[in-house]
Structures are given as C-alpha cells and as structure tokens.
Amino acid sequence: MTNEQNKSSSPRNVHRGMAISPGIVVAPAYRVETVSPLAPSTAGPFEVADELSRFEAACHKAAADLTDLIERVSSEIGAEESRIFQSHLFMVRDRAFIQKVTGLIAEHHISAEDAVNRTQAEYEQIFSAIDDDYLRERWDDLLDVVERLRQHLVESAPVESVRSDQSVVLVAREILPSQTLRLGERHIVGVVTERGSRTSHAAIIARSLGLPVVGGIPDIFNAVRNGDMIAVDGRDGIVIVNPGPEAESAYRKLEREFVDLKDKLIHNRHEPSVTSNGVAIELAANINNVADAKAAADVGATAIGLFRTEYLFMMHPSIPTEDEQTASYRAIVDAAPKGHVTIRTLDLGGDKILPYFPIEKESNPFLGFRSIRRALAHPEFFKHQVRAILRAGIEGRVRILLPMISTVEEIEIAREFIAQAKDELAREGLPFSSDVPLGIMVEVPSAAVAIDTLLDAVDFVSIGTNDLVQYLMAADRDNPNVAYLCDPLSPAVLRVLYQVIQACRKYEVDVAVCGEMAGRPRSAVALLAFGLRSLSMGPAFVPLIKELVHSLSTNRLIGLVDEILSQKKALGIHQILNSVLSEIDASIARLDAGPADPSSI
Ligand code: PEP
Ligand code: MG
C-alpha cells in the first residue's frame, strides 16, 4: 500500500478481529440488531387460559418452522449442520423451559410475550455467569429459539430480514445460527460481528457458504452506520470502515482479483499438482463435515488430509454412538477424493467443549487435560471412535491421526487401545480394516523438538502449525491482543518446522502440514523450500496453491533455505517470500498479506 493509501485508511477506521471465514469484499454496511430488544411489559392482568394457548400455538409454529428447516438444511447443506436446528427443536420442546414460561403466566397473569421475556432475562443471568466459551456460545442457540417464539407471538417479520436489493455487509453484535443460514438467500456478501469465534455454529456455517467473515471486533456495531462503505478481509481478520477512495479501490481490486482468481483457478481442478520441474506435491483438504468433503473433491483436492471429528460431536445433541460415527465416517469416505481420509481422533478441550460432556474447570485449559490426554484416560470413549474409524476403513483408504501428542508413551498407549479395538471387532465378527496407518499431529513443542524419538512409533506425521505456533510463541491463537506473535513465518517457528520436516525425510516418514499456513502462498513457498511435499488446507485454497505449485521449481527453492533461516525477524522472511511470489505472479503475491505485513496489501 502506498503512503497515500495508508493515510486514507487512518488506524481509527481499521479494525482487527478474528479471521473466521476467508475472502475479501467491499460493500455498504447493513446493521442488524440481532435480537429485538425485549418488548416493554404489556399491561395486564391477562386471561391465563388465553395466554397459555397463545404460547402453545407459538411453540407449535416454531417447532413446525424448525422441522422444515432441518429437512431443508439436511438436503441442501448436510446432515451435520441440520443437527444445530435439531437442538433448537429440543429447546422449543424443553420441559423446564415450557414450565418456566407457563408458570409465570399462571402465577402473575402476564402476557405470553412478557413471560418469554422474563424467562430469557433469567436464563441470560445464568449464562453470563458461565465461565466457558463453548457453553456461552450455546446462548446464541437459546436466543435464536426465543426470538423465533417471540416472532410467532407478536406475528412480526423476522428481525434479520434484509430488505436491501443491493449487496451489503451485515454488521451485528452477534449472529444466530439460523440467521447465518439465511444469509446465502439474501444479498449479504460478508459479515462482521462483535462476538464470534471459530467454534461458533455461525462461523462453521458461514465458512461452508463461502462468505468472508470477521468476528471479535468490540464496539464495531456502534462504530458503523447503515450505508457506510466497509471493506472486509476475512483472510487476515481486518475490517476498514469508510476506507477512503484509494484504499477502497485497492480493496475492490483485491476483491475482483480474489473472485477472478477463484473463477480462473477452479479450472485447474483436473490438472495434476506438480511443480514446473515435475515434482509432485500433494494438496489435501481440511474438513469438518460431508459438505466440506464434497467441496474438496470439487476443487480438485487429492485427499482429505484432516477431518476434525470434534465438529461431528459438537453438532450432535449427545455423544454419537459407534454406529452413528461409523455411518458419518463412511459418508465422508464416500464423498472424499479417491476415498482417502485422514481422521483425527477427538481433539476436545481448550476452546472445544461438548455441551453434554462437562469438563472440570482448569486454570490453563489449553495446557490442561485435553485432547489425546483426555482420550487416553477415557479409553471407552476413544475405543468407540477408533472402532468406528476401523469399520469405515473398509470402504476407502482411511488413516487415524492422534492430536496433541507430547511423548512416545502416549503413542504406545494409543496403539495398545487400537489393537484392543481390532481384537474386539474380530471377536464380534464386525468387518473392519486391519490396515489403517497411525499418525500423529506434531503441534506440541516437545514433539517437534524430539521428533526423532517419535518417528519409529508412527506411520506418518501431520504438523499442526496453528497450535504449534501458539505453543512455541506462548501466544493464544484466538486472542487478538497477541495475534502479532502468532506468525508462522517467525524465525523460531520456521527453524522448528525445518527440523521436523528434515527429520521425517531422513527417517522416510510421510510428513504434511495441515495448519492454516499450508493454504497461504508465502508460507507454502517456505514449506516447499524446506522439502515438504504434502500440504493440507481449507478446500477453498486448493486451486490457489495448485496454481502456485505449477509456477515453482524446487531447484530454485532450495537456494532460499539458508536465506530464510538466517533472518532474525519475521518481516525479513515475509519480504523474501513476497518477492519470490511477485516474480512468479503478482496477483498471487497480493492475495497473501500476512498479519506481520498488512501494509503490503
Ligand atoms: C493445528 O493445530 O494446526 C490444526 C490443524 O488443528 P486445529 O486447528 O484443529 O487445532
Ligand atoms: Mg491443533
């Protein structure tokens, strides 16, 4: 960006949040007060019988809406996403909730609206006292249900209806899951929210709709007026309000390039992924559900490199049974390119919690009893999942991936449980694949530093740079205040990555990177220079990285290794890689502005 452009985007207009769903868009803002303010108390007293029957009718109508919605979502998006609304249906029929509302009507002779409002206020107090991000996010689901009931009671139009026939960026304090679902039907081309995280249902659905989304910007709602021009960069989590003519045109150009490039690149889906000097590079996809697996096949990914099974569990109203898991894994294998799927066992804890599986409070949850640590301590849970994966394994080429491995002992214990699961399946006469490779995520510094002590015990390695970076830099990956430290192109991170990749190559163990950096051009160049030959990324990035691979020569990249590793600052590394990209294709270079160097957009 030129100095002039910098001036027009004064820092007060530039808001940094969480990059929730990638893409770039510039459009006028449309503010939505997501939840209608509680209606003022209506006068009374009211006839109890009338109000009870109005409430009952509203519940029936809400349940009918939700039943339709479940059917539509399950056929248009996927069975897993539809479970969100299944859980809303449970809430609408929840006995405790219904008794609370009807009890208030009967006791105080108030209107049904008032009783719903009072119940909401009471629940809000309970939820605001919960110190758990995931459970607090379930508040959104409850609000969604209450809002639906209220609309039926007052027979009003949905609050979220966007009447504009112009493309708009929706700006809201928060977005409810059912609203996110309706975004695709309207002229909404991007979303900016005050709240929101990567694990929220809204984020999951927005990503599968391909809308750019930035969340976690405090006070953005009040900082924006309807009609303000707003630039949303969902790759870097940047929002610029009224960017000024020059920055606006720079972002519009980026937006067009992004769209053109996506259109152009998608044509490479049937082309092999090989460098200009003929070296094959695997471009696999990271997925959360069947719809993503289909998207991966459509864009030409060669495999599913990471299936995050937490989402299957999160979308389910209770722990999915072994048979339900087997069916879900089979559906993924069926949809996956060539049936190749690497299934990661449950990576719970930290920010990923199941509402029906309470976890005791810890002072450092990201460093606590989470992921594989918890799985190995609850082998029943782990073994059911492993059994389901082995059963689904007869259909395609399935691999098991263990998250958060810190020591070789953990791998040995996991192997023992897997062996037991195979024995049980054989005894029970259930068909399964006995040939399912076992791999580990390298995302804890101890595993990276002592990688040579682990390689004998595994069939493959997948480097989870999202976590590896946060643990190496001691900087929470979801905390916007320390985002400047979470740069995978910082010297410390790259040195560790180089060491892990080299060790895997020396011991001839397959190695991939499945963190977000794999789908970003600059960091992909560094990884390929380090000798990596397999990258796994969000399906949307596969065509872009394939284009990049086509234009690179590994001979040229080898010369970069020393130059990169001798840098003392991340900025120097960004500059080296950016100039490599600019030499190849300026549009690819401009599509990768990293957080360490936003001024280069
Ligand atoms: C990672 O940590 O890099 C990774 C791919 O896993 P997740 O983002 O699910 O933690
Ligand atoms: Mg991880």
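Since the model is a prediction, treat every value here as computed from it, not as a measurement.

Participant: Summarise the overall build of the chain; cite the residues concerned and give the values.
Facilitator: Secondary structure summary: the chain contains 25 helices and 16 strands in total. Accessible area of the chain: about 24,400 Å², with a carbon and sulfur share of 52%.

Participant: Requested: an account of helix α20 (residues 521-529), with residues and values cited.
Facilitator: A large share of α20 lies buried, amounting to 9 of its 9 residues. All of the buried residues along α20 are Pro 521, Arg 522, Ser 523, Ala 524, Val 525, Ala 526, Leu 527, Leu 528 and Ala 529. Two residues or fewer after α20 comes Gly 531, characterised by a positive phi angle close to 105°.

Participant: Could you give me a rundown of the confidence of the model for the chain, with the residues and numbers involved?
Facilitator: When the pLDDT values of the chain are averaged, the result is 85; 86% of them are 70 or greater. Low pLDDT, under 50, characterises residues 1-10; the predicted model gives this stretch 17 contacts beyond four residues in sequence or across chains. Taken together, the stretch residues 593-601 has pLDDT below 50 and engages in 26 contacts with residues farther than four places along the chain or on a different chain.

Participant: Go over the packing of helix α18 (residues 465-473) against helix α19 (residues 491-506), please, and point to the residues and values.
Facilitator: Viewed as axis vectors pointing N to C, α18 and α19 meet at an angle of 125°, and their least axial separation amounts to 10 Å. When the axis of α18 is compared with that of α19, the two are oblique. Where α18 crosses over α19, the handedness of that crossing is right-handed. Between α18 and α19, the residues in contact are Thr 465, Leu 468, Val 469, Leu 472 and Met 473 and Val 493, Val 496 and Leu 497, respectively. Grouping the constituent residues of the contact of α18 with α19 by class yields 7 nonpolar, 1 polar and no charged.

Participant: Talk me through the environment of Val 290; I want residue IDs and the actual numbers.
Facilitator: Within the secondary structure, Val 290 sits in helix α11 (residues 290-299). By relative accessible area, which is 18% here, Val 290 ends up buried. Between the C-alpha atoms of Val 290 and Ala 336, which are 46 residues apart in sequence, the distance is 8.4 Å. With near-sequence residues (within four places) excluded, Val 290 lies in contact with Glu 80, Ala 331, Ile 332 and Ala 335.

Participant: Give me the coordination of the magnesium ion (ligand 2): which residues, what numbers.
Facilitator: The coordination sphere of the magnesium ion (ligand 2) contains the protein donors Glu 443 (OE) and Asp 467 (OD), at a distance range of 2.0 to 2.2 Å. Taken together, the residues span a long stretch of sequence, with Glu 443 in the loop between β13 (438-442) and α17 (445-449) and Asp 467 in helix α18 at a distance of 24 residues. Across the pair, Asp 467 and Glu 443 agree in class, each one buried.

Participant: Quick rundown of the site of ligand 1? Include the residues and the values.
Facilitator: For ligand 1, the set of nearby residues contains 13 residues, the closest of which are Arg 308, Arg 344, Gly 464, Asn 466 and Arg 477. Between ligand 1 and the protein, one listed contact pairs an oxygen atom with a side-chain N or O atom of Arg 344 at 2.8 Å. Every element with two or more residues in the shell around ligand 1 is listed here: β10 (304-308) and α18. Of all the elements, α18 adds the most residues to the shell around ligand 1, at 3 residues. In terms of residue class, the shell around ligand 1 is made up of 3 nonpolar, 4 polar and 6 charged.

Participant: Provide a residue-level description of the nonpolar core, including the pertinent values.
Facilitator: Of all hydrophobic cores here, the largest spans 111 residues; its most connected members are Val 461 and Leu 535. Of the residues forming this core, the biggest block, 8 residues, is contributed by α19. In this structure, Val 461 is in contact with Ile 440, Val 442, Ile 451, Leu 455, Cys 504, Val 509, Asp 510, Val 511 and Ala 512, ignoring residues within four places of it in sequence. The next biggest cluster of nonpolar side chains, apart from the first, holds 33 residues, and it includes Ala 58, Cys 59, Phe 97 and Ala 115.

Participant: Could you give me a rundown of the sheet that holds strand β3 (residues 24-32), with the residues and numbers involved?
Facilitator: Ordered by their spatial adjacency, 8 strands build an open sheet running β1-β8-β7-β3-β4-β5-β6-β2, and the pairing between neighbours is mixed. Looking at the sheet topology across the chains shown, the edges are occupied by β1 (14-16) and β2 (18-21). On average, each strand axis in the sheet is tilted by 30° relative to the strand beside it, whichever way the strands run. Note that β3 and strand β7 (residues 229-233) share 5 bridges and pair antiparallel. Bridging across to β7, Ala 27 finds its partner in Ile 230. Packed onto the sheet, helix α10 (residues 245-265) meets β3, β7 and β8 (238-241) and runs at close to 110° relative to β3.

Participant: A description of the pattern of salt bridges should follow, citing residues and the corresponding values.
Facilitator: Using the criterion set out here, one finds 21 salt bridges in the structure. Arg 148 serves as the salt-bridge partner of Asp 65, at 3.3 Å between the closest nitrogen and oxygen. Note that Asp 65 is positioned in helix α2 (residues 48-76) and Arg 148 in helix α6 (residues 133-154), a separation of 83 residues in sequence. Note that Glu 310 is salt-bridged to Arg 344, the shortest N-O span being 2.8 Å. Here the residue Glu 310 occupies a position in helix α12 (residues 310-315), and Arg 344 occupies one in strand β11 (residues 340-344), the gap between them amounting to 34 residues. Here the salt bridges share partners, and the residues they tie into one network are Glu 322, Asp 323, Lys 383, Arg 387, Arg 391, Glu 424 and Glu 428.

Participant: Give a detailed account of the packing of aromatic side chains, specifying residues and quantitative values.
Facilitator: Per the counting criterion, the structure on display carries 5 aromatic pairs. Ring centres 6.1 Å apart and planes at 80° place the aromatic pair Phe 97 and Tyr 123 in the edge-to-face group. Here Phe 97 is found in helix α4 (residues 95-108), whereas its partner Tyr 123 is found in helix α5 (residues 112-128), with 26 residues between them in sequence. Of the two residues, Phe 97 and Tyr 123, both sit in the buried class. Seen in terms of ring centroids, Phe 313 and Phe 381 are 6.1 Å apart; in terms of plane orientation they differ by 65°. Their pairing is edge-to-face. Separated by 68 residues along the polypeptide, Phe 313 in helix α12 and Phe 381 in helix α15 (residues 379-392) bring together distant segments of the chain. Its relative accessible area of 2% is what places Phe 313 among the buried residues. The partly exposed category is assigned to Phe 381, whose relative accessible area is 21%.

Participant: Before we move on, could you go through the packing of α10 against helix α21 (residues 542-551) and cite the residues and values that matter?
Facilitator: Relative orientation of the contacting elements α10 and α21 amounts to 75°, with a least axis distance of 9 Å. As summarised for this structure, α10 and α21 are arranged roughly perpendicular, according to the angle between their axes. Residues Leu 261, Lys 264 and Leu 265 of α10 form the contact with α21, whose own contacting residues are Pro 543, Leu 544 and Glu 547. Residues that form the contact of α10 with α21 fall into these classes: 4 nonpolar, no polar and 2 charged.

Participant: Before we move on, could you go through the pairing of strand β9 (residues 282-287) and cite the residues and values that matter?
Facilitator: The buried count for β9 comes to 5 of 6 residues, which makes it a mostly enclosed element. Relative to strand β16 (residues 534-537), β9 runs parallel, the two sharing 4 bridges. Residue Glu 282 lies in a different strand from β16, and its bridge partner there is Ser 534. Relative to β10, β9 runs parallel, the two being bridged by 3 bridges. Among the inter-strand pairings, Asn 286 is bridged to a residue of β10, identified as Leu 306. As a crossover connection, the stretch from β9 through α11 into β10 is right-handed.

What counts as what
- Residues numbered from 1 in each chain as written.
- Chains lettered and ligands numbered in written order.
- Predicted model: local features only at pLDDT ≥ 70, side-chain atom pairs only at ≥ 80, totals over all residues.
- Heavy atoms only, no water.
- Helix = DSSP H or I, 4+ residues; strand = E, 2+ residues; numbered from the N terminus.
- Areas by Shrake-Rupley, 256 points an atom, 1.4 Å probe, with all protein chains shown as cover.
- Buried < 20%, exposed > 50% of the residue type's maximum accessible area, 1.4 Å probe, protein only.
- pLDDT = per-residue confidence, 0-100.
- Contact = heavy atoms within 4.5 Å.
- Axes fitted to C-alpha atoms, helices over the stretch in contact; angles between N-to-C directions.
- Parallel < 35°, antiparallel > 145°, perpendicular 65-115°, else oblique.
- Left-handed = near helix turned anticlockwise from the far one by under 90°.
- Nonpolar A, V, L, I, M, F, W, Y, C, P; charged D, E, K, R; others polar.
- Donors = N, O, S within 2.8 Å, 3.2 Å for Na, K, Ca; no water.
- Near = heavy atom within 4 Å.
- Polar contact = N/O pair within 3.5 Å; in protein donor to acceptor, adjacent residues only side chain to side chain.
- Core = buried A, V, L, I, M, F, W, Y, C linked by side-chain atoms within 4.5 Å.
- Pairing = 2+ DSSP bridges.
- Salt bridge = Lys/Arg side-chain N within 4 Å of Asp/Glu carboxyl O.
- Phe/Tyr/Trp six-rings, centres within 6.5 Å; stacked < 30°, edge-to-face > 60°.
- Right-handed = clockwise from strand over helix to strand, strands pointing away.

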